[in-house]
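# Secondary and tertiary structure notes
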2 protein chains.
Amino acid sequence: MTTVALTLLPAGRTLHVEAGSSILKAAHAAGVDIEATCGGRGRCTSCRVKLVAGAIPPPTIMDEVQLGDALVREGYRLSCQCRVSDAVTVQVSPPVDDRTFQILGGERPEGAPVPVRIEAGIAKAVVRVTLPAEEHHQTSDLEAVLEAVGGTPEDCAPEALKTLPAALRAHGGEVTVATFGSRILSIEAGDTHLHKFGLAIDIGTTSVVSTLLELESGEQMASASSLNPQAVFGGDLMSRIAFAQFDAGNLRKLQTRIIGLLNQHVEALVRDSGVPAKWIYKVTIVGNTCMHHMLLGIDPSHLGLAPYAPVMRHPLVLSARELFLKVNPEARVCFLPIVAGFVGADAVAVALATRMDETPEIRIAVDIGTNGEVLLGSRDHLWACSAPAGPALEGAQIRHGMRAAMGAIDRVALAGGDLALHTIGDAAAQGICGSGLIDAIAVLLDAGVIDWTGLIELDHLDRLPPPLRARVTKRGEERMVILARPGEAGATQEILLTQDDIRQVQLCKGAIASGAAMLQHVAGVPDDKVAELMLAGGFGNYLSIRSALRIGLIPALAESKIRYVGNAAALGAQMALLSEPERHRAERIARSIEHVSLAAHPDFQDIFVDCMNFPR
Amino acid sequence: MTTVALTLLPAGRTLHVEAGSSILKAAHAAGVDIEATCGGRGRCTSCRVKLVAGAIPPPTIMDEVQLGDALVREGYRLSCQCRVSDAVTVQVSPPVDDRTFQILGGERPEGAPVPVRIEAGIAKAVVRVTLPAEEHHQTSDLEAVLEAVGGTPEDCAPEALKTLPAALRAHGGEVTVATFGSRILSIEAGDTHLHKFGLAIDIGTTSVVSTLLELESGEQMASASSLNPQAVFGGDLMSRIAFAQFDAGNLRKLQTRIIGLLNQHVEALVRDSGVPAKWIYKVTIVGNTCMHHMLLGIDPSHLGLAPYAPVMRHPLVLSARELFLKVNPEARVCFLPIVAGFVGADAVAVALATRMDETPEIRIAVDIGTNGEVLLGSRDHLWACSAPAGPALEGAQIRHGMRAAMGAIDRVALAGGDLALHTIGDAAAQGICGSGLIDAIAVLLDAGVIDWTGLIELDHLDRLPPPLRARVTKRGEERMVILARPGEAGATQEILLTQDDIRQVQLCKGAIASGAAMLQHVAGVPDDKVAELMLAGGFGNYLSIRSALRIGLIPALAESKIRYVGNAAALGAQMALLSEPERHRAERIARSIEHVSLAAHPDFQDIFVDCMNFPR
């Protein structure tokens, strides 16, 4: 085996890799994160690197297709395609800064409590235990505790026994016994009954939100949100399933990643709130079926193959110890139930939070995300389908796309015959995020730059106001709109919206819109029978409803019928955390939702093609 | 911090240790095993090393007391007491070779099955599962399996889900479902119903025996036995508790050691039998309370403090995964129940195996071991007490003591006016083991060399036959009997029986004999009411009953009433493994045994002093 030196900038780390390895695999094997949204299949540009020293290998066909001639000539390559045969030095794109990531965490407006009657199911009883005094006793520490609190030895979690003798003797026999139902989770020295906390976790394909709540008042103690670290192995579900497929080692990597992140969240929440991890006794987890299975280490291979069967659907309850989650080892970790392979606990949580199952009128919930879902129904019946939008609205597979971080163009308007850009944090423009993309396309549709099929029109440019006209151009075979030139909005280089970018957004919005259209079709519900449309999801709140309507992302309802409901999946997790009756309602919801499989439906193809186009 | 080089022979490894560290601690910290029977307190000689290069530190008072002047002058030191301040090289005593260790494993005589009707509780059902065929399905792999075998999703161990999809599709839906009660442990591809195995484990203070059994026939597939690797941290329970006391790190070391050994046993059994570990679905574990708590990582501190309360006593059932035991991850690990702090699951297993709880006549069982137990009773009532014999009969704390390994003097007789020695394997004599010690003392008592108080008589040597007379001597203040001179029985150096050795055996046999005497006293059972005395324990079978009677190790019953029952604790574990009714009988036994605390009894002191002496 010949090895060659591969140096990765900016870290400056040199790896000695087998000649012929792809840069992406070599970097991942060495624990260096390079994002690979498509799973390293040459289908996107996220893993691109720039070769800055050494012999630059010839471009592959994928390099040409994805990066274009100009970038290829500058030394850019897709690291998933690029095999090293001689010593090279490459510049890895620095990852997006998580800390400024504009995602809707679990936060609610000031003073807005989680809308449930609190009944979390965690009880703490303070008792004084009489210890055996003489040696002929026939008892044990545990039996002495049970004498005071009731129950049988089998009710006690073995973990609670490890430190029992010391706890029992620290305060003359006074202990606090934490229980969940009849299960004894923890036996603590002295009186700790005031300390009861819980964690609600929403694991999305792209982002993960954890919220620490006090279990008596519902008070939010702290919240943490991050990008899902599994994304380096694939941005969408199918890429990630392909990575895990039939390879226990890869599945283990995905599982370890997400558990590692959750433990980082626990650390951050503990630090921010001052609440010790041992006082976290209950955890609720929502996420789509794939995230659910990967977190549990369940082989997701067949989630990606027709008929897309999940391995399990019931509301699993584990101990934190079993999941290697560093809260109280016997904390109950409650997974919300699943409906189908692509309609997961996150969809159930959206229904739970929006109470769609309780209202008489028909409503629609659209949860926008890399793996979105659409729900439709009322207390009489609920339908749900998945809307595999892909990560375009999160900035992936878009030429100058980026996540909604500092410097992202998040709003676009037409003013004085030219584009007016707004960036997050009013910082220098670095790229464009989902809400900016939707705005830009809506504005360009209104101006006639883009036609209803999504084509950038070059034939009638003279009808445009001159400043806008100057932005529409064709380079080589590629049509594009220059959103920002160097110097505009602080940009240091051109920020473009290409014809391909528009196609990506069309695929994305087509998935969501056709999901809603299909459910309406299956349920026989025309637009005028829809009482309300709820926009949910991490960045739902940052989206312009008017632009979303203009591009046909959502059904053509009156604007007054549309409202933001924020991160409803995360809210659902919090409700199930604070209320056992709500958690049990989630089970009833999961059982009652009718799953509509889009691809299997004979009318789907027509509806999807129709939804790909923009409203005329 | 100044570091100095410490080189350990025979391994030749050099450690750089902090100046002033004890050799024992430095070696343990580096993962080098040096046995420390007393827990590193300078109370025994097991951790002695010989300094062969470098500056030899002056002896401590403990060196002088334990090793004596001669050894100290030869460069021997107790490694627990010896602090290094300059570079030194020391010779560590090579450990006893485990492989020739003559301990009674789980083996029974050819053709002697475990005496139970087999009903292990593990069931395997072969079913053909119908998988969902179309995409509108509302089911999951697990639900499809449950349709075929019955039960609820909550019955299924989460671990069984991880590989379920592949198993379900490997043989067209044919799977074998392994259950224990209603719990689904494993779902396996194809028909595996013929493969059902279990593991019975007996964890003693000094030795550990594991036996692999087939769960339908009871056939023994393989057996493994080893020394308990915790012994390096203390040979008896109290030393080991002291090591663990209030120090979670030390407790963790003890736990890790024993789990590591059990996994080595699993590996060996798998290798010897060809049975894959995944087909081991049930494990039973017996051991004294301290071994039980340490295996579970339960703080044993208060086991060593009056009133010696155990932390729990009930029959715990865990998954193998929770214990990090590398059999089927969901195998049920069944701990037999406990009676009291010093009467553990091993005593319960002895009662189970001997069926003392079922017979009308009164019987006594003496389980000889470092932490022995005595049981007395019938179906009407059972009493039990602990007999903390210490490790003398296992060769520890005896000048030339050794375990029952190759070359140990295991039988001693008087022939032709001189001692006649037998060694294990007829190998060159290296030292003396427990059965040899008991024989030697019995012979010397008969010959009048030792009087009833245990003193080596020097005043009336002329009454002895000359060859024996020449063996009795006094060096300095120390009386001793020369068992073997260089050349005799192949010995390369003198093998001595010192006055101190005799005192150690007296302490040991005093503990056992007074246990039996106390139970007889408490229960009001004179010798003539005892129908049978059963000698149990790892080396019970190698003991001369006549010698045991002669030295008063056991009550003075007719020899015909005494029989060997072998390693009854290990047999009890096997019975509970093969039979759920037997396992449940163990629970009833544990609840019915009356624990007699010797030390707390007002008459104990007199009885113990009496039992220390030899029968006149």
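Cut-offs used in this document
Residues numbered from 1 in each chain as written. Chains lettered and ligands numbered in written order. Predicted model: local features only at pLDDT ≥ 70, side-chain atom pairs only at ≥ 80, totals over all residues. Helix = DSSP H or I, 4+ residues; strand = E, 2+ residues; numbered from the N terminus. Rg over C-alpha atoms; globule rule 2.2 N^0.38 Å. Buried ≥ 20, exposed ≤ 12 C-beta atoms within 10 Å, placed from the backbone. Contact = placed C-beta atoms within 7 Å. Nonpolar A, V, L, I, M, F, W, Y, C, P; charged D, E, K, R; others polar. Pairing = 2+ DSSP bridges. Axes fitted to C-alpha atoms, helices over the stretch in contact; angles between N-to-C directions. Domains from an automatic or database assignment. Least-squares fit on C-alpha atoms with pLDDT ≥ 70 in both. Expected span 1.5 Å × (residues − 1). Parallel < 35°, antiparallel > 145°, perpendicular 65-115°, else oblique. Left-handed = near helix turned anticlockwise from the far one by under 90°. pLDDT = per-residue confidence, 0-100.

Here we take up the overall build of chain A. Secondary structure summary: chain A contains 16 helices and 26 strands in total. For chain A, the C-alpha radius of gyration of 27 Å lies close to 25 Å, the compact-globule estimate for 616 residues. On the principal axes, the C-alpha backbone points of chain A span a range of 100 × 70 × 45 Å. Taking all 616 residues of chain A together, 55% fall into the buried category. The contacts in chain A between residues at least 6 apart in sequence include a share of 68% that link residues at least 24 apart.

Let us now look at the interface of chain B and chain A. Counting residues at the interface gives 43 residues for chain B, matched by 42 residues for chain A. At the level of secondary structure, the elements contributing two or more residues to the side of chain B that touches chain A comprise helix H3 (141-149), helix H4 (158-161) and helix H5 (164-170) of chain B. Residue composition of the side of chain B that touches chain A, grouped by class: 24 nonpolar, 11 polar and 8 charged.

A few words on H3 of chain B. Residues and elements named next belong to chain B. Of all the residues in H3, the buried ones are Asp-141, Leu-142, Glu-143, Val-145 and Leu-146. Those residues of H3 hidden inside the fold are in contact with H4, H5, strand E7 (174-180) and strand E8 (183-189). Looking at the residues trailing H3, positive phi occurs at Gly-150, about 85 degrees.

Before going further, it helps to examine the sheet that holds strand E2 (residues 13-18) of chain A. Residues and elements named next belong to chain A. Read across the sheet, 5 strands follow the order E2-E1-E5-E3-E4 without closing on themselves; strand pairing throughout is mixed. Here the strands that pair on one side only, and so sit at the sheet edges, are E2 and strand E4 (76-78). On average, adjacent strands in this sheet sit at an angle of 40 degrees to one another, irrespective of strand direction. Bridge count for strand E1 (residues 3-9) against strand E5 (residues 88-92) is 4 bridges, and the pairing is parallel. Each bridged residue has a counterpart across the sheet, and for Leu-8 the counterpart in E5 is Val-90.

Turning next to the domain arrangement of chain A. Quite often, the size of an interface is put as the accessible area lost when its parts meet. Residue and element names in this part refer to chain A. When its domains are assigned, chain A resolves into domain 1 (3-94), domain 2 (122-189), domain 3 (197-335), domain 4 (345-391 + 505-612) and domain 5 (396-502). Just the C-alpha atoms count here: the centres of domain 2 and domain 3 sit 31 Å apart. Contacts between the two partners involve 8 residues from domain 2 and, on the opposite side, 10 residues from domain 3. Secondary-structure elements contributing two or more residues to the side of domain 2 that touches domain 3 are helix H4 (158-162), strand E7 (174-180) and strand E8 (183-189). Looking at side-chain class alone, the side of domain 2 that touches domain 3 contains 6 nonpolar, 1 polar and 1 charged residues.

Turning our eyes to something else, we now look at the sheet that holds strand E22 (residues 478-484) of chain B. All names here are of chain B. Taken in spatial order, the 3 strands line up as E21-E22-E23 in an open sheet, and their pairing is antiparallel. At either end of the open sheet lies a strand with only one pairing partner, and these are strand E21 (472-475) and strand E23 (495-498). Going from strand to strand, the sheet's axes swing by 40 degrees on average, the running direction of each strand aside. Taken together, the 4 bridges between E21 and E22 define a ladder with antiparallel strand orientation.

Let's shift gears to the relation of the copies chain B and chain A. Rotating chain B by 180 degrees and translating it 0.0 Å along the rotation axis places it on chain A, where the RMSD comes to 0.1 Å. Here the symmetry operator amounts to a two-fold rotation axis. Residue Glu-322 of chain B of chain B places its C-alpha closer to the rotation axis than any other residue of that unit, at 3.8 Å. Interface overlap between copies is the fraction of interface residues in one copy that are interface residues in the other; for chain B against chain A it reaches 98%, indicating a shared surface.

Turning our eyes to something else, we now look at unusual backbone geometry. The amide bond that connects Ala-306 of chain A to the next residue, Pro-307 of chain A, takes the cis arrangement and shows omega of 5 degrees. Phi at Asp-426 of chain A takes a positive value of approximately 50 degrees, unusual for a residue other than glycine. Summarising the element assignment, Asp-426 of chain A is placed in the loop between strand E19 (418-423) and strand E20 (431-432). Backbone geometry at Phe-324 of chain B places phi at a positive 60 degrees, although glycine is not the residue there. Within the element layout of this structure, Phe-324 of chain B appears in the loop between strand E13 (317-319) and strand E14 (332-335). Of the residues examined, Phe-324 of chain B has 13 C-beta atoms within 10 Å and is grouped as partly exposed.

All names here are of chain B. As defined by bridge partners, strand E18 (residues 408-415) adjoins strand E20 (residues 431-432) across 2 bridges and the pair is classed as parallel. Residue pairing for E20: Ala-408 is matched across the bridge by Gly-431. Of the strand pairs in this sheet, E18 and strand E19 (residues 418-423) are connected by 6 bridges, and their pairing is antiparallel. Bridge pairing in E19 places Ala-415 opposite Asp-418. Hairpin connection of E18 to E19: 2 residues between the antiparallel strands, including Gly-416 at a positive phi of 60 degrees.

Further remarks concern helix H15 (residues 580-592) of chain A. For H15 of chain A, spanning 13 residues, the distance from its first C-alpha to its last is 19 Å, which sits close to the expected 18 Å at 1.5 Å a residue. Each element contacted by the buried residues of H15 of chain A is listed here: strand E14 (332-335), helix H9 (345-354), helix H14 (568-578) and strand E26 (593-595) of chain A.

Residues and elements named next belong to chain A. Closest axis-to-axis distance for the H9/H15 pair is 9 Å, and the angle between their directions is 120 degrees. The orientation of H9 relative to H15 falls into the category oblique. Remark: the crossing between H9 and H15 carries right-handed chirality. From H9, Val-348, Ala-351 and Leu-352 reach across to H15, where they touch Glu-582, Arg-585, Ala-586, Ile-589 and Ala-590. When the residues that make up the contact of H9 with H15 are grouped by side-chain class, the tally is 6 nonpolar, no polar and 2 charged.

In this section: the environment of Gly-121 of chain B. Residues and elements named next belong to chain B. Inspection of the secondary structure puts Gly-121 in the loop between strand E5 (88-92) and strand E6 (122-128). With 19 C-beta atoms packed within 10 Å, Gly-121 lands in the partly exposed category. A C-alpha to C-alpha distance of 7.2 Å links Gly-121 and Ser-579, two positions 458 residues apart in sequence. With sequence-adjacent residues up to four places away left out, Gly-121 is seen in contact with Phe-180, Gly-181, Lys-282 and Glu-580.

Residues and elements named next belong to chain A. Here Ala-536 is to be found in strand E24 (residues 532-536). In this structure Ala-536 comes out as buried when scored by C-beta crowding, with 30 C-beta atoms within 10 Å. Leaving out residues up to four positions away in the same chain, Ala-536 has contacts with Val-350, Ala-365, Val-366, Asp-367, Val-565, Gly-566, Asn-567 and Ala-568.

Here we take up the confidence of the model for chain A. All names here are of chain A. In this model, chain A carries an average pLDDT of 89, and 95% of its residues clear a pLDDT of 70 or more. For the stretch residues 94-111, pLDDT sits under 50, and the model shows 44 contacts to residues farther than four places along the chain or on other chains. Interface scoring of the predicted complex returns ipTM 0.80; its pTM is 0.81.

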